[in-house]
Amino acid sequence: MKNCLLFLFTSVFAGFACSGPEKTSEDSKIPELSLEIIDSLDLKVLGDPLITSVSESGDSFLFYDFISKDIVLTDKEGQIQSQFNKSEDTPDSYEFMMEAPGFVGENQVAVVGMAGVFLYDKEGNLIKKIDHPEDVGGGRFMAFPGKSVETIDLNGKTYLLSKSVRSRDTYPGEQQYYDTFKHLELVDIALGNSTEIVPFEQNSRFLDGMGYYESDFWPALEAKDSKLYVALAGEPRLYRYSMSPEGATLDTLVNLTIPGFAGIEGTPRTEFAEGMVMLNGSTSAIQDIHIVSDKLVLNYYGGISAEDNAELSKLYEANKMEEAEEMYFRLDSQVSRGILVFDLASLTFLGNLSLPENADLESFASGGGYLWLQKNPSDEVEEDFLRIYKVKLTEK
């Protein structure tokens with residue numbers, strides 16, 4: 001998948017249980033929804049930039065350049081306001097990036113790395129470093145446009161929501177891994193401590209006795225008004241949690257019907273070894289969640305089937321790289337992609353929309369009441385800019 005960059009090291013995680021009423025994504029459907037491109041901005045920077053976050057006001061934009069490893073901030077016209085690099089061996093370095101940079105309010109940037117959670121001002125000056133709750137034995141990074149560390153306000157304080165990096169002396173080949181796993185950390189910025197939240201819930205497919213790669217359940221999330229919305233990649237479910245400084249309580253579960261969603265298959269646990277980390281960017285996944293006004297938006301990638309993935313693996317293992325790449329791009333071009341739209345308050349299903357053909361089809365950012373879609377580069381003309389479309393979700 002284009003713009004899905006996988007970095008592999010090693011690590012494992014933990015869980016708690018709760019329950020809630022179930023809904024179905026077939027509750028209601030309003031077909032008069034559409035996506036309208038109303039404007040765009042161009043970022044002129046050499047390299048391989050990816051949009052990671054848009055401020056709540058929609059006035060500031062964050063990019064990460066995979067070539068230079070620079071964090072780039074722009075205004076809404078695409079003019080660069082600052083550009084800094086914190087990956088080097090310095091006291092304010094996050095070291096290896098584990099989660100893309102995201103805005104905290106309008107004037108701060110948070111980055112999760114091997115060395116901890118770092119808050120910088122918009123010029124790249126260190127404001128605060130928060131240590132991980134445990135030593136991190138390794139890390140991994142899957143990058144999609146608009147997918148970054150998130151924030152939530154609870155009782156007048158701002159918390160970070162980031163992917164858990166705890167290692168609990170277990171691995172995906174053991175039952176303990178699934179029994180104790182939690183997906184996220186609720187990070188108290190003021191106090192510098194973390195609370196682990198969101199387990200594999202009751203009846204989750206990831207509790208079926210099979211083994212799963214971390215990319216199979218890489219969490220998509222969004223938060224607003226003490227509510228947290230979570231989907232676990234290849235599981236077609238939406239979870240809504242009620243949040244407090246003490247943690248998260250499941251209040252609603254929505255089973256999703258997604259056309260063309262191939263689904264995932266478990267792997268025998270005997271095929272996993274301690275210390276091994278494997279990610280697969282071509283399987284079915286709900287990739288991110290956004291809130292736009294009174295709508296909840298989930299974007300999905302239908303995935304390449306298990307049978308076709310097996311054929312691809314055989315070609316790669318046989319070192320038939322050209323044939324494998326050709327097969328991959330052919331299969332990937334046929335994958336179902338789109339966004340599911342829900343009413344934010346009731347979680348009533350409103351529609352399934354296609355994304356514009358010339359935008360990045362995997363994920364997008366949101367801010368200022370709009371979606372911000374990254375344009376795919378031209379195959380015919382070399383471009384020295386990255387275009388971001390401003391997209392309005394309209395309802396007639």
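Since the model is a prediction, treat every value here as computed from it, not as a measurement.

### Some remarks on unusual backbone geometry
Here's step 1: A positive phi angle is found at Asn-155, which is not glycine, with a value near 50°.
Here's step 2: Examined against the element boundaries, Asn-155 turns out to sit in the loop between β13 (150-154) and β14 (157-163).
Here's step 3: Residue Asp-225 is not a glycine yet carries a positive backbone phi of 50°.
Here's step 4: Mapping Asp-225 onto the fold places it in the loop between β17 (219-224) and β18 (227-232).
Here's step 5: Accessibility expressed as a relative area gives 62% for Asp-225, which makes it exposed.

### Looking at the sheet that holds strand β11 (residues 126-130)
Here's step 1: The antiparallel open sheet is built from four strands, whose spatial order is β8-β9-β10-β11. Edge positions in the sheet fall to β8 (97-104) and β11, since each of these pairs with one other strand and no more. Each neighbouring strand pair of the sheet contributes to a mean axis angle of 15°, computed without reference to strand direction.
Here's step 2: In terms of strand pairing, strand β10 (residues 116-121) meets β11 through four bridges, oriented antiparallel. Within β11, the position partnered with Phe-118 by the bridge is Lys-129.

### So, the sheet that holds strand β6 (residues 71-75)
Here's step 1: Sheet architecture is open: four strands sit in the order β4-β5-β6-β7, paired in antiparallel fashion. The open sheet has two edge strands with one neighbour each: β4 (49-54) and β7 (80-84). For this sheet, the mean inter-axis angle between neighbouring strands, taken without regard to orientation, is 25°.
Here's step 2: Direction of pairing for β4 relative to strand β5 (residues 60-65): antiparallel, over a ladder of five bridges. Paired with Val-54 across the two strands is Phe-61, which belongs to β5.

### Brief notes about the packing of aromatic side chains
Here the distance between the centres and the angle between the planes together describe a pair of aromatic rings.
Here's step 1: For the coordinates displayed, the defined rule picks out 18 aromatic pairs.
Here's step 2: Considering the side-chain rings of Phe-118 and Tyr-120, the 6.1 Å spacing of their centres and the 10° angle between planes classify their relative orientation as stacked. There is no split in this pair, since Phe-118 and Tyr-120 are both buried.
Here's step 3: Members of the aromatic cluster, joined through ring pairs, are Tyr-177, Tyr-178, Phe-181, Phe-200, Phe-206, Tyr-212 and Phe-217.
Here's step 4: In this arrangement the basic side chain of Lys-163 is found over the ring face of Trp-218, its NZ or CZ atom lying 4.3 Å from the centre.
Here's step 5: It is Lys-390 that lies over the ring of Tyr-370; its NZ or CZ is 4.3 Å from the centre.

What counts as what
- Residues numbered from 1 in each chain as written.
- Predicted model: local features only at pLDDT ≥ 70, side-chain atom pairs only at ≥ 80, totals over all residues.
- Heavy atoms only, no water.
- Helix = DSSP H or I, 4+ residues; strand = E, 2+ residues; numbered from the N terminus.
- Buried < 20%, exposed > 50% of the residue type's maximum accessible area, 1.4 Å probe, protein only.
- Pairing = 2+ DSSP bridges.
- Axes fitted to C-alpha atoms, helices over the stretch in contact; angles between N-to-C directions.
- Phe/Tyr/Trp six-rings, centres within 6.5 Å; stacked < 30°, edge-to-face > 60°.
- Lys NZ or Arg CZ within 6 Å of the ring centre and 35° of its normal.

So, to be careful, I would describe these as geometric facts and stop short of saying anything about function.
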